[in-house]
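The chain contents come next:
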Amino acid sequence: MTIRVVVADDQELVRSGFAMILDAQEDIEVVAEVGDGAAAVEAVARLAPDVALLDIRMPVLDGIEACRKISAGGACRTVMLTTFDSDEYVYEALHAGASGFLLKDVRRDDLVHAVRVVAAGESLLAPSVARRLIEEYTAVTGAAARPELSADRLGVLTARERETLLHLGRGRSNAEIAAALLVSEHTVKSHVGNVLAKLGLRDRIQAVICAYETGLIAAGAPSGE
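A. Up close: helix α3 (residues 63–73). Burial in α3 covers these residues: G63, I64, A66, C67, I70 and S71. Each buried residue of α3 lies within a common arc of 160 degrees when the element is viewed along its axis, so the set occupies one face. Exposed residues lying more than 90 degrees from the buried face of α3 are A72 and G73. Its side-chain oxygen 3.0 Å from the backbone nitrogen of I64, D62 forms the N-cap of α3.

Dropping the structure here:
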């Protein structure tokens, strides 16, 4: 199956360079190159690609807002690109629904790998890494649980699903969760799927964010708490 990609960056040379690298792969096709966030949202709606590469800083509509609109509008997954190695940007991009995050000086092979991983429905940033970033970011900024993601939202979960979310928030694998809950990995997969579906989360990274922003896990709490 060919992976269809939209590349959005306001720098033409960067945009063209990424497109050229990706188009050279037998299993990847760049279906559009655009220079701003609004054009990226329009291209995704019109062409229904599998992945959108979005620069964070773009005119008209920045990459974070474009990511938020794309994530809310369909199945296209997003990888954020930036020259700024900042925890704040990572946090905001992940909260907007991004499935991956790369610096623009990424190696050719890593760029191609990122697109393939995200197109396959996986997250490019390990949940355990996302957890550390969120802990560091909230500790520095004093960010607290967001009103729209209050603990009341977790009321749709069963007790076991809530436990599962707690373990997801700590960045644990299915095998680790199964050992902690004394159930099979198959059962854990079922619980994880239910958690994501009931809370409207795209992936495990979003589950990590949800666990912190609802207050299920306190920032800075020991991972084994």
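B. Main features of the packing of helix α2 (residues 37–47) against α3. At their nearest, the axes of α2 and α3 sit 9 Å apart, and the two run at 15 degrees to each other. In this view, α2 runs roughly parallel relative to α3, as classed from their interaxial angle. The element α2 and its partner α3 pack so that their crossing is right-handed. Packed against α2, whose contacting residues are G37, A40, V41 and V44, the element α3 presents A66, K69 and I70 at the interface. Looking at side-chain class alone, the contact of α2 with α3 contains 5 nonpolar, 1 polar and 1 charged residues.

C. Layout of the packing of helix α1 (residues 12–23) against helix α5 (residues 108–119). At a minimum axis separation of 10 Å, α1 and α5 run at an interaxial angle of 70 degrees. As the angle between them shows, α1 and α5 are arranged roughly perpendicular. Counted together, F18, I21 and L22 of α1 and R108, L111, V112 and V115 of α5 form the full contact between these two elements. In terms of residue class, the contact of α1 with α5 is built from 6 nonpolar, no polar and 1 charged.

D. Local environment of the sheet that holds strand β3 (residues 51–55). Spatially, the 5 strands line up as an open sheet ordered β2-β1-β3-β4-β5, and their pairing is parallel. Of all the strands in the sheet, the pair left with one neighbour each is β2 (28–34) and β5 (100–103). Direction aside, the axes of adjacent strands within the sheet are offset by 20 degrees on average. As paired strands, β3 and strand β4 (residues 77–82) are joined by 5 bridges and run parallel to one another. Bridge pairing in β4 links A52 to T78. In this fold α1 packs onto β1 (3–8), β2, β3 and β4, with an angle of close to 165 degrees to the strand it touches most, β2. Each of β1, β2 and β3 is contacted by α2, which is oriented at about 140 degrees to β2, the strand it contacts most.

E. Geometry of unusual backbone geometry. Positive phi is not limited to glycine here, since A48 has a value of about 50 degrees. As for its position among the elements, A48 is in the loop between α2 and β3. By relative accessible area, which is 55% here, A48 ends up exposed. Phi angles above zero are rare outside glycine, and L182 is one such case at about 60 degrees. Among the structural elements, L182 can be located in the loop between α8 (174–181) and α9 (185–199). Note on L182: relative accessible area 76%, which makes it exposed.

Cut-offs and rules
Residues numbered from 1 in each chain as written. Predicted model: local features only at pLDDT ≥ 70, side-chain atom pairs only at ≥ 80, totals over all residues. Heavy atoms only, no water. Buried < 20%, exposed > 50% of the residue type's maximum accessible area, 1.4 Å probe, protein only. Helix = DSSP H or I, 4+ residues; strand = E, 2+ residues; numbered from the N terminus. Arc of directions from axis to C-beta. Polar contact = N/O pair within 3.5 Å; in protein donor to acceptor, adjacent residues only side chain to side chain. Axes fitted to C-alpha atoms, helices over the stretch in contact; angles between N-to-C directions. Parallel < 35°, antiparallel > 145°, perpendicular 65-115°, else oblique. Left-handed = near helix turned anticlockwise from the far one by under 90°. Contact = heavy atoms within 4.5 Å. Nonpolar A, V, L, I, M, F, W, Y, C, P; charged D, E, K, R; others polar. Pairing = 2+ DSSP bridges.

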